[in-house]
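Chain by chain, the residues:
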Amino acid sequence: LKVQEAPQQASTFLSDRILHQAPPSLAQSKLAEKGCTGKRCYCCCYCTFFLLILAIGLFVAIVAANFVQPEVTVKKTQFTGFMVSPSDATFDVDLSIFIDNPNDWPIKATIQELKANLYSLDKAAADKIGEVHYVGLATLPKPVVVDVQSQTTFILPTKVTIKSNPESADLLARLNRDCGLLVGSPKTTK
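Keep in mind it's a predicted model, so treat the numbers as computed, not measured.

### Things to note about the overall build of the protein chain
For the protein chain, the count of helices and strands is four helices and seven strands. Evaluated residue by residue, the protein chain yields a buried proportion of 22% over its 190 residues. When contacts within the protein chain are restricted to residue pairs at least 6 apart in sequence, those whose partners lie at least 24 apart make up 61%. By element, 62% of the accessible surface of the protein chain is carried by carbon and sulfur atoms, the whole surface being about 14400 Å².

### Concerning the pairing of strand β2 (residues 88–101)
Each regular strand displays side chains that alternate between the two surfaces of the sheet. One ladder, built from 11 bridges, connects strand β1 (residues 71–84) with β2; its direction is antiparallel. Of the residues in β2, the one forming a bridge with Glu71 is Asp100. Here β1 folds back onto β2, and the loop between the two strands holds three residues. Where β2 meets strand β7 (residues 150–163), 14 bridges bridge the pair, whose relative direction is antiparallel. Looking at the pairing, Asp94 lines up with Pro157 of β7.

### A short note on the packing of aromatic side chains
The description of an aromatic ring pair uses the distance of the two centres, along with the angle that the planes make with each other. Under the defined criterion, the tally for this structure stands at six aromatic pairs. A ring pair is formed by Phe59 and Trp105, whose centres lie 6.0 Å apart and whose planes are at 50°; its orientation type is tilted. Taken as a pair, Phe59 in helix α3 (residues 38–66) and Trp105 in the loop between β2 and β3 (109–111) lie far apart in primary sequence, 46 residues in all. On the basis of relative accessible area, Phe59 is assigned to the partly exposed category, the value being 40%. Ring geometry for Phe79 and Phe91: centres 5.6 Å apart, planes at 55°, overall tilted. Of this pair, Phe79 sits in strand β1 while Phe91 sits in strand β2, and the two are 12 residues apart along the sequence.

### Quick look at the pattern of salt bridges
In the structure shown here, the tally under the stated rule is three salt bridges. A salt bridge links Lys159 to Asp92; the shortest N-O distance between them is 3.4 Å. Taken together, the residues span a long stretch of sequence, with Lys159 in strand β7 and Asp92 in strand β2 at a distance of 67 residues. A salt bridge links Glu113 to Lys115; the nearest nitrogen and oxygen atoms lie 3.4 Å apart. Using a relative accessible area of 59% as the deciding quantity, one classes Glu113 as exposed. Residue Lys115 is classed as exposed on the basis of its relative accessible area of 53%.

Rules of the game
Residues numbered from 1 in each chain as written. Predicted model: local features only at pLDDT ≥ 70, side-chain atom pairs only at ≥ 80, totals over all residues. Heavy atoms only, no water. Helix = DSSP H or I, 4+ residues; strand = E, 2+ residues; numbered from the N terminus. Buried < 20%, exposed > 50% of the residue type's maximum accessible area, 1.4 Å probe, protein only. Contact = heavy atoms within 4.5 Å. Areas by Shrake-Rupley, 256 points an atom, 1.4 Å probe, with all protein chains shown as cover. Pairing = 2+ DSSP bridges. Phe/Tyr/Trp six-rings, centres within 6.5 Å; stacked < 30°, edge-to-face > 60°. Salt bridge = Lys/Arg side-chain N within 4 Å of Asp/Glu carboxyl O.

Bear in mind that shape data such as this cannot, by itself, settle questions of function.
Here is the structure:
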């Protein structure tokens, strides 16, 4: 019986491979056994989505709980360039609008468009209102930014021209009574 020895080269290669290869860790062996399944991926996605929705909902609830309604008031209405005659009236109206925003971030705004209907009231009426007449429309000339914790004042300008016609006869008579040429100072209207 003759025993032949394996060549030296083959045994060295095999021993090097065994020595240089680390044994698999417990986590690697479990992952290799089970793998990343579709159920696990869906579960991770749903949990992440749920936590994201929960965080957004919590943020909205905190902002809503701390929200304070901004105060908007007309500070002043100024008439300029008043020209009144029995047949027509022309003047400029500047509405001074004040906005007080006491809120913190993220409650700020940019007002892109604002329209205000102007009406004339009868200051001589018993109730100081009398018959209400439409005068015109004031519009915002450019956007206004209302920042956080700020007080903002801006002007709504308008040019008004009232021509004599059956619908405006009472309004022209009121304007002539309050601000016409025969009226002394101060000339005021509502």
